[in-house]
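# Tertiary structure, described
Letter by letter, the chains look like this.
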Amino acid sequence: MAQVRYTRLDNRRPSSNYCSTVTVVVFVALCLVGIWMMTSSYVGPAQNVDEVSLDTKDGIKKQMTPPAEEGNVQKSEDSAGETPNEEKKGDGDASFPEVDESSSKQDDQEEKKEEKIKEEPISSGDESSSKQEDQEEKKEENTKEEPTSSGDESASKQGDQEEKKDEKTKEESTSSGDESSTKQEEQEERKEETASSGETKSETEGGENKNDDSKSENGFDGNDLGEKKDLKDHPDEENPESKSENGFDGSDLGEKEDLKDHPDEENPDSNDKQTKPETEDNESGENQKKTTADESEKKSSDDDTEAKGDKETKTGNEGAETKTEKESTETIVEQEKSIPKNGTSGDLSPPGTQLELLNETTAQNGSFTTQATESKNEKEAQKGSGDQVDFKWTLCNTTAGPDYIPCLDNVQAIKSLKTTKHYEHRERHCPDTPPTCLVPLPEGYKRPIEWPKSREKIWYTNVPHTKLAEYKGHQNWVKVTGEFLTFPGGGTQFKHGALHYIDFIQESVPDISWGKRSRVVLDVGCGVASFGGFLFDRDVTTMSLAPKDEHEAQVQFALERGIPAISAVMGTTRLPFPGRVFDIVHCARCRVPWHIEGGKLLLELNRVLRPGGFFVWSATPVYQKKTEDVEIWEAMTELTKKMCWELISINKDKINGVGVATYKKPTSNECYKSRSEQQPPICADSDDPNASWKVPLEACMHTAPEDTTQRGSQWPEQWPARLEKPPFWLSSSQTGVYGKAAPDDFSADYEHWKRVVTKSYLNGLGINWASVRNVMDMKAVYGGFAAALRDLKVWVMNVVPIDSPDTLAIIYERGLFGIYHDWCESFSTYPRSYDLVHADHLLSKLKQRCNLTAVIAEVDRVLRPEGKLIVRDDAKTVQEVEAMVKAMKWEVHMTYSKGKEGLLSVQKSIWRPEDVQTLTYAIAA
């Protein structure tokens, strides 16, 4: 029936019957009675026909009510309606639907007419029906011509848009047909069921479309979104620990500024930016609603004014429902935008724990962007506008090639030396202008093997040197095995393995107590550093050093294996360490002439050795009886007695066939004062044992501290307790680096870095920590960053810049190690030494006296390909560094800024420039 009635109304079939009626009227018109009867029948039956027509349309109206009602509801939300009754609603705001007086009158008339219809039989009424349809068309035209009576600009514009869409809808209305009618009947039945139960309707057709879009774009179904509606008003309930545990909690960006207390300042415009796309989505959904409503309304275009009044009444009753529905939909959309997405540049995928670190900003077309992306786009825009400098990198052309160390390969400076008697040619000779070119990669370079496998083997192509294997192969230093260089764990003095040798030392001197009393070791003349590499198994960290090219690439082998080492030599200047910091100094056949020139070199070891510390010496003079060996042993025995060192053990290892002598440094000055001859002399009071940056060696001894509050007057806490406790000699009367009392400053720094590493670095910077072994902290302060990494399988070279507060002794006191350095010069290590470099508020200070481009070139040199750089500094410096590394094709994992502070996490690429720069001072003749 619905289909027949719908076709009859649309195709105006009553017009054919109308012609028959006219013919009958012509014949009847021959008589006056017929004319009178026709006239009376026009008045009476016309009324009847009108009522029948209303009844017929009322049935159709019930079938088509869902689209028609939705159209009216949506118009009340979006725009002024087509009829005067709809125009009187005002600006079309669904939040405040109104029913005007005309609508009420129409409701009354509708009720009266429905009562009459029930009393009268349904007749064909073709002629009256046709006239009624003509009247309906005129009413619709008049309705369109009437001005909007409500008043605001948005309603007028929406009305205009509605009229334009109506014209398009008219063209489509005739083709909708039976399928649309069937859908409308089903929607009417659902609506009547909802209305009878008294429940609020949850979705309109447009609302369903909107939710469907949300689901398809964001991967959340309706149930998931519904469960998250309340999170908009209570964002903290989504992750109550996010502010205290996630992202840049505490002083993540500033040195001690607590960003957690001001989360809203992170991006003050983020709320506005989030609102814009939401509005666009709403407008898009509303336009879709309008189109659907218009199509439904045009299909029932012959509905009379009374029917429209009835629908408007329903609109008024359902307005609050629609408002609630719209608000809930907006809540869902906004809440979706607050849910973090894991996909950012690079490898970054924090599992919901980096809400503050990765603060979402704007969403377009359902695709979320992070703070990192927004910062990146802004900086690229600034660069494009000319605010940023374009960097063009070149490739270094030097004799050393892929192994170039600027301060150790200055051929020109080395040639000008007057003598090399004291290994001056192995010391640092930095060029006047640090290089800004990039060091080439060795041919066939591969990603390094990860620890602990790297301790046993490395890729030959990464360190393609075989002379050491040929020279020391019989001593199990290193061997060539196919495409690998393998390390059996031996050394000159421990051919049968380092672990046996290490255990033998402790058996000889139980007080050494590896990993408890003895934690920090200096290994002089380390070879390939197998001794330090296996001391990790005893929870001991070792600073290994050897001169470059003394035995080809030995330090480079060590670093490639994942073992700490630096290129250094005991020559004419002090080692870059403070006084009284190493628990043990070890020398296994290191061939250093300790006894010459008044014992100057051994006295340097005395300076860096902690009072009560041990000097472990396993060399041929200890156990061989050759003339040279005997002479050296006698000279060493005399020198060590004058230095007040006590020989506490001398044993021979039967397996390795070597002897080990162990000396202990005194803890008091009693022996020094009782010496009959003051040789070596005691250093002047003005001589600072901690001063070591390019300070010449002197043949004197520093006395032991007598004040119990001084560093070195007692042994540190056993490991690992010493890592976390402030050193006993830090006084509350001292002011720390960050302004608090020194012990409190130390503790606050440690807590700060534990929070940053745990809550941000481990999960939020796109770093695969399983691939990280060698780490450098370019500005270590108290060593808090290294301490926070304790549970990872990494070691950290803590660097204290020479123009920063001298806190390196504190780092050693807590069982870590480090070095002094001037970052305006090259670091004493081979290229491709480190997996991760960390720079915290360093580069902005270096800019004042260094060429920042040269510093970044040095960072590139020491980083392995695919190595990571983390920069924390002021936003401007971070922006400069980002531009530089982007020019090197590095991958940006994270950029973050808040106020004047910023953070950058990037990964080095394997890219090398094509343009070449020849460094003449590094070219051998």
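Structural notes, computed from the coordinates. (Residues numbered from 1 in each chain as written. Predicted model: local features only at pLDDT ≥ 70, side-chain atom pairs only at ≥ 80, totals over all residues. Heavy atoms only, no water.)

### So, the sheet that holds strand β10 (residues 582-588)
Either a parallel or an antiparallel arrangement is found when strands of a sheet pair, and the pairing is made through backbone hydrogen bonds. Note the cut-off: Note on pairing: DSSP must find at least two bridges between two strands before they are called paired. Put simply, DSSP marks the helices as runs of H or I at least four residues long and the strands as runs of E at least two long, and each gets a number from the N terminus on. Here an angle of 0 to 180 degrees is reported between the N-to-C directions of two axes, which are lines fitted to C-alpha atoms, with helices fitted over the stretch in contact. We call two residues in contact when some of their heavy atoms are within 4.5 Å.
Taken in spatial order, the seven strands line up as β9-β8-β7-β10-β11-β13-β12 in an open sheet, and their pairing is mixed. Where the open sheet ends on each side, the last strands, each with one partner, are β9 (565-567) and β12 (646-653). Looking at each pair of strands side by side, their axes are set apart by 20° on average, direction ignored. Contacts from helix α20 (residues 554-561) reach β8 (541-546) and β9, with the element oriented near 150° to β9. In the packing of helix α21 (residues 600-608) onto the sheet, contacts are made with β7 (520-524), β10 and β11 (609-618), and the angle to β11 comes to roughly 135°.

### Overview of the nonpolar core
Just so we agree on the cut-off: As used in this record, nonpolar core signifies buried Ala, Val, Leu, Ile, Met, Phe, Trp, Tyr and Cys residues forming a set joined through side-chain atoms within 4.5 Å. Three exposure classes are used, based on accessible area relative to the maximum for each residue type with a 1.4 Å probe and protein chains only: buried under 20%, partly exposed in between, and exposed over 50%.
By size, the foremost hydrophobic cluster in this structure holds 120 residues, and its most contacted members are L522, F577, F582, W594, F615, Y761 and M797. The leading source of residues in this core is helix α30 (residues 852-862), at six residues. Formed by 19 residues, the second largest nonpolar core is a distinct cluster that contains Y501, I502, I512 and V540.

### What about the packing of α30 against helix α31 (residues 875-887)?
Defined as follows: Note that the term roughly parallel is reserved for angles under 35 degrees, roughly antiparallel for angles over 145, roughly perpendicular for angles of 65 to 115, and oblique for everything else. Put simply, a crossing is left-handed when the front helix is turned counterclockwise from the back one by less than a right angle, and right-handed when it is turned clockwise. Polarity classes work like this: nonpolar for Ala, Val, Leu, Ile, Met, Phe, Trp, Tyr, Cys and Pro, charged for Asp, Glu, Lys and Arg, and polar for all others, with Gly in that last group.
Direction vectors running N to C along α30 and α31 enclose 55°, while the axes themselves pass 11 Å from each other. As the angle between them shows, α30 and α31 are arranged oblique. Where α30 crosses over α31, the two elements pack in a sense that is right-handed. In this structure, α30 contributes L852, T853 and I856 to the contact, and α31 contributes E880, V881, M884 and V885. Partitioning the contact of α30 with α31 into residue classes produces five nonpolar, one polar and one charged.

### Points about the pairing of β12
Along any regular strand, the residues point their side chains to alternate faces of the sheet. Both β12 and strand β13 (residues 658-664) contribute to a ladder of seven bridges, which runs antiparallel. Pairing of E646 across the sheet is with K664, part of β13. Between β12 and β13, which pair antiparallel one after the other, the connecting turn spans four residues, and G657 there sits at a positive phi close to 75°.

### What about the sheet that holds strand β4 (residues 457-459)?
Taken in spatial order, the three strands make up an open sheet running β4-β6-β5, and their pairing is antiparallel. Since the sheet does not close on itself, it has two edges, and those belong to β4 and β5 (479-481), each with one partner. Averaged over all pairs of adjacent strands, the angle between strand axes in this sheet comes to 35°, irrespective of strand direction. Where β5 and strand β6 (residues 484-486) come together, three bridges link them in antiparallel fashion. Its bridge partner being in β6, K479 is matched across the sheet by T486.

### Focus: the pattern of salt bridges
Note the cut-off: Definition used for salt bridges: Asp or Glu carboxyl oxygen within 4 Å of a side-chain nitrogen of Lys or Arg.
According to the stated counting rule, one finds 29 salt bridges in the structure shown. Across the pair K548 and D409 runs a salt bridge whose closest N-O atoms are separated by 2.4 Å. On the criterion of sequence distance, the pair formed by K548 in the loop between β8 and α20 and D409 in the loop between β3 (395-397) and α16 (411-415) is long-range, its members being 139 residues apart. This pair shows no difference in class: K548 is buried, exactly as D409 is. In this structure, the salt-bridge partner of R864 is D835, at a minimum N-O distance of 2.8 Å. Of this pair, R864 sits in strand β18 (residues 863-874) while D835 sits in strand β17 (residues 834-840), and the two are 29 residues apart along the sequence. For D835, a relative accessible area of 7% gives the class buried. Through salt bridges with shared partners, a single ionic network connects D583, R610, R722 and E813.

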